Amino acid sequence: MTNVQTEMLIIGGSDAGISAALRARELNTTIKITMILADEFPNLSICGIPYAVSKEVTQWQNLAHRTVDDLKAYDIDFYMNTWATAIDAENHTVTAMRGDDQLTFTYDKLMVGTGAVPKELPIAGEGAGIHVLHTMGDFFDIEAQLVQHQPKRAAIVGAGYVGIEMAEALTRRDVAVTLVQRGSEVLSTVEPDLAASVHDALTNNVVTVLTDETITEIQATEAGYQLIGSTTDDAFDFVLVVVGVRPNSELLVNAGATVTNQNAVVVDDQMRTNLPDVYAAGDLVQTKHRLLGETYLPLGTTAHKQGRIAGANIVGRESHFAGIIGSQVLRAFDMIVARTGLLPNEATAAGFMPITTTAVVDDHKGYFPGAEKITIRVTADKGSHKILGAQLVGKYGSEVAKRADVFATAIYNDMTVEAFSDLDLTYSPVVGAPWDAVQAAVQVLEAELLK
């Protein structure tokens, strides 16, 4: 048995864990930092995996935000391929296994960033060709099957962000893709009529899209894998299940941490759990939302921010997590779709009185060649006139994501519809207009409020 003494122990080497370590080191050059991670790939961009599958990122090593050598320069002790098995919060110890060796870590402060794990579907029969996508190990399994078995027909169950990104990636690898969605339209994070543009981008690129289908089981047959609950009788030689994630909180649950009914760990705005000297951040925790209060919304950007907050507090620099507003963006072939803040139905459920308008505007002055249309839907509160949400759909290259970021900034700072026109935004005919597309869209909403 190996015993390790450390001042700051981190479980998990992805976004939250690495951010915590780097912030702690930035603020304290002498604290001893030790990190346990289940694989040997710290600080890789899991969000970038679909682009490694598509080969747009030509080498998976390029997904590294920092190399292991870069990270070791921050004087972090790594215990890779090591599984944390138990937390004893009272005695400030963590038990772990590395191969057949048991290790005990004694810490002053603990930060848990174990993330989330994929939800799965029941499998009948052998399932070697059935995959999830959440870790580098999953990527290696998928890549091995694509290279060694060269599948021709793939089914993707789940048409959210990862499902759509992987539909594009596999299409680029010359695999015929069928994308299956439980809801009435792909991408439930925006309203269905806007998501229809993404649906069209998929079908225009020869992806078969099936909606209103709830898959209950994947059945292995001699002909291939069949989806139980689908209208298609097709058999597939590759299946990817991306139907969401759940908090990977078992370690903390067993240690006595307070969790929600979804098993998301409850933390305060300094990322402290109810356990003494134990912090948590990232996809395993309940998240503060600036418009909704508390929610569970696992996002890489959030994990980075929360990890940074935890790292600062661990070394004594008081910091508070300000909350999110759910900003997200997706590329689907030649389309970009983004949303931030609340959808109209979410605003109603949260107690607001939403008013919503939709504008179709040019991404830059129409007289300059190459202008493309952006559809912008804005929601505000009738009483306060504060902007609550925005949804944008446009062509790749039309700065849709950055325009969504303008809305995100406005919502974060409680800006009203009227104040939005006062924003001093950049202008050149080749990239915008004197009233940028976002301001033109909000002025449509302002006119509606005057009625």
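Residues numbered from 1 in each chain as written. Predicted model: local features only at pLDDT ≥ 70, side-chain atom pairs only at ≥ 80, totals over all residues. Heavy atoms only, no water.

K.L.:
Looking at this structure, how should I read the overall build of the protein chain?
P.N.:
In terms of regular secondary structure, the protein chain is built from 12 helices and 26 strands. For 451 residues, the compact-globule estimate of 2.2 N^0.38 gives 22 Å, and the C-alpha radius of gyration of the protein chain, at 23 Å, lies within 12% of that figure. Principal-axis analysis of the C-alpha atoms places the extent of the protein chain at approximately 70 × 60 × 40 Å. Considering the protein chain as a whole, with its 451 residues, one finds that 51% of them fall into the buried category. Restricting to contacts in the protein chain with at least 6 residues of sequence separation, those with at least 24 account for 62%. (Helix = DSSP H or I, 4+ residues; strand = E, 2+ residues; numbered from the N terminus. Rg over C-alpha atoms; globule rule 2.2 N^0.38 Å. Buried < 20%, exposed > 50% of the residue type's maximum accessible area, 1.4 Å probe, protein only. Contact = heavy atoms within 4.5 Å.)

K.L.:
Mind showing me how you'd approach the packing of aromatic side chains here?
P.N.:
What characterises a pair of aromatic rings is the spacing of the ring centres plus the angle enclosed by the ring planes. Applying the stated criterion across every chain, the model contains 6 aromatic pairs. Here phenylalanine 41 and phenylalanine 140 contribute two aromatic rings whose centre-to-centre distance is 5.5 Å and whose plane-to-plane angle is 55°, an arrangement assigned as tilted. Here phenylalanine 41, found in the loop between strand E3 (33–36) and helix H2 (49–53), pairs with phenylalanine 140, found in helix H4 (residues 136–148); they are 99 residues apart in sequence, far enough to count as distant. According to the relative accessible area criterion, phenylalanine 140 is partly exposed, its value standing at 27%. Between the aromatic rings of tryptophan 60 and phenylalanine 140, the centroid separation amounts to 5.1 Å while the plane-to-plane angle is 80°, which identifies the pairing as edge-to-face. With tryptophan 60 in the loop between H2 and helix H3 (68–72) and phenylalanine 140 in helix H4, this residue pair connects regions lying 80 residues apart in the sequence. The structure contains a cluster of three or more aromatic residues connected by ring pairs, namely Phe41, Trp60, Phe139 and Phe140. Above the face of the tyrosine 412 ring, arginine 290 is positioned so that its terminal group lies 3.7 Å from the ring centre. It is arginine 331 that lies over the ring of tyrosine 396; its NZ or CZ is 5.4 Å from the centre. (Phe/Tyr/Trp six-rings, centres within 6.5 Å; stacked < 30°, edge-to-face > 60°. Lys NZ or Arg CZ within 6 Å of the ring centre and 35° of its normal.)

K.L.:
What am I meant to see in the side chain of glutamate 191 here?
P.N.:
Within the element layout of this structure, glutamate 191 appears in the loop between strand E13 (176–180) and helix H6 (192–204). A distance of 3.0 Å separates a polar atom in the side chain of glutamate 191 from a polar atom in the side chain of arginine 377. Residues in contact with glutamate 191, not counting those within four places in the same chain, are Pro344, Arg377 and Gln391. (Polar contact = N/O pair within 3.5 Å; in protein donor to acceptor, adjacent residues only side chain to side chain.)

K.L.:
Quick question: what am I supposed to make of the nonpolar core here?
P.N.:
The nonpolar side chains of a soluble globular protein tend to be buried with one another. Among the nonpolar cores identified, the biggest contains 52 residues, and Ile87, Val94 and Leu252 are the most heavily contacted of them. In terms of residue count, helix H1 (residues 15–27) provides more of this core than any other element does, 6 residues in total. In contact with valine 94, not counting residues within four places along its chain, are Leu9, Ile11, Ile36, Ala84, Ala86, Ile87, Leu103, Thr104, Phe105, Tyr107 and Leu110. Counting 42 residues, the second largest nonpolar core, distinct from the first, contains Ile164, Leu240, Ala332 and Val393. (Core = buried A, V, L, I, M, F, W, Y, C linked by side-chain atoms within 4.5 Å.)

K.L.:
Even after reading the chapter, I still don't get empty space enclosed by the protein, so can you show me in this structure?
P.N.:
Once rolled over the atoms, a probe with the size of a water molecule shows which space is left empty. Taken as a whole, this structure holds 1 cavity of 30 Å³ or more when the rule is applied. The space that makes up the largest cavity amounts to roughly 30 Å³. Lining the largest cavity, in full, are Pro50, Tyr51, Ser54, Glu56, Glu165, Glu168, Ala169 and Arg331. Where the lining of the largest cavity is concerned, the elements lending two or more residues are H2 and helix H5 (161–172). Per element, the largest residue contribution to the lining of the largest cavity is 3 residues, and it comes from H5. Here the lining of the largest cavity is composed, by residue class, of 3 nonpolar, 1 polar and 4 charged. (1 Å grid on protein atoms, 1.4 Å probe; cavity = no way out; pocket = protein on both sides within 12 Å on 5 of 7 lines; lining within 4 Å. Points joined across faces, edges and corners; volume = space filled by probe spheres on them. Nonpolar A, V, L, I, M, F, W, Y, C, P; charged D, E, K, R; others polar.)

K.L.:
Honestly, the UniProt feature "domain: FAD/NAD(P)-binding" (unreviewed entry) in the protein chain in this entry has me stumped. Any pointers?
P.N.:
The UniProt record marks residues 8–307 with the feature "domain: FAD/NAD(P)-binding" (unreviewed entry), using the residue numbering of this structure. Secondary structure across residues 8–307 comprises 25% helix and 27% strand; the distance between its end C-alpha atoms is 13 Å. (UniProt positions renumbered as here; feature names shortened; annotations may be inferred.)

K.L.:
So what exactly am I meant to see when it comes to a nonpolar patch on the surface here?
P.N.:
Together, Tyr367, Phe368, Tyr427, Val430 and Val431 line one region of the surface with nonpolar side chains, adding up to about 490 Å² of accessible area. Along the chain, valine 431 falls in the loop between helix H11 (417–420) and helix H12 (437–449). (Patch = residues over 30% accessible without salt bridge, like charges linked within 9 Å, V, L, I, M, F, W, Y side chains within 5 Å. Areas by Shrake-Rupley, 256 points an atom, 1.4 Å probe, with all protein chains shown as cover. Salt bridge = Lys/Arg side-chain N within 4 Å of Asp/Glu carboxyl O.)

K.L.:
When you look at the environment of glycine 300 in this model, what are you seeing that I'm missing?
P.N.:
Checked against the element boundaries, glycine 300 lands in helix H8 (residues 300–314). Linking glycine 300 and threonine 375, residues 75 residues apart in sequence, is a C-alpha distance of 26 Å.

K.L.:
Just to check I follow, could you spell out the sheet that holds strand E4 (residues 76–79) for this structure?
P.N.:
What holds strands together in a sheet is hydrogen bonding between their backbones, with the strands either parallel or antiparallel. With parallel pairing, the 5 strands of this open sheet are ordered in space as E4-E3-E2-E8-E19. A strand with exactly one partner marks an edge of an open sheet, and here the two such strands are E4 and strand E19 (278–280). Within this sheet the neighbouring strands show an average axis-to-axis angle of 20°, counted without direction. Looking at chain direction, strand E2 (residues 8–11) and E3 are connected through 4 bridges and run parallel. By the bridge assignment for E3, isoleucine 10 is matched with methionine 35. (Pairing = 2+ DSSP bridges. Axes fitted to C-alpha atoms, helices over the stretch in contact; angles between N-to-C directions.)

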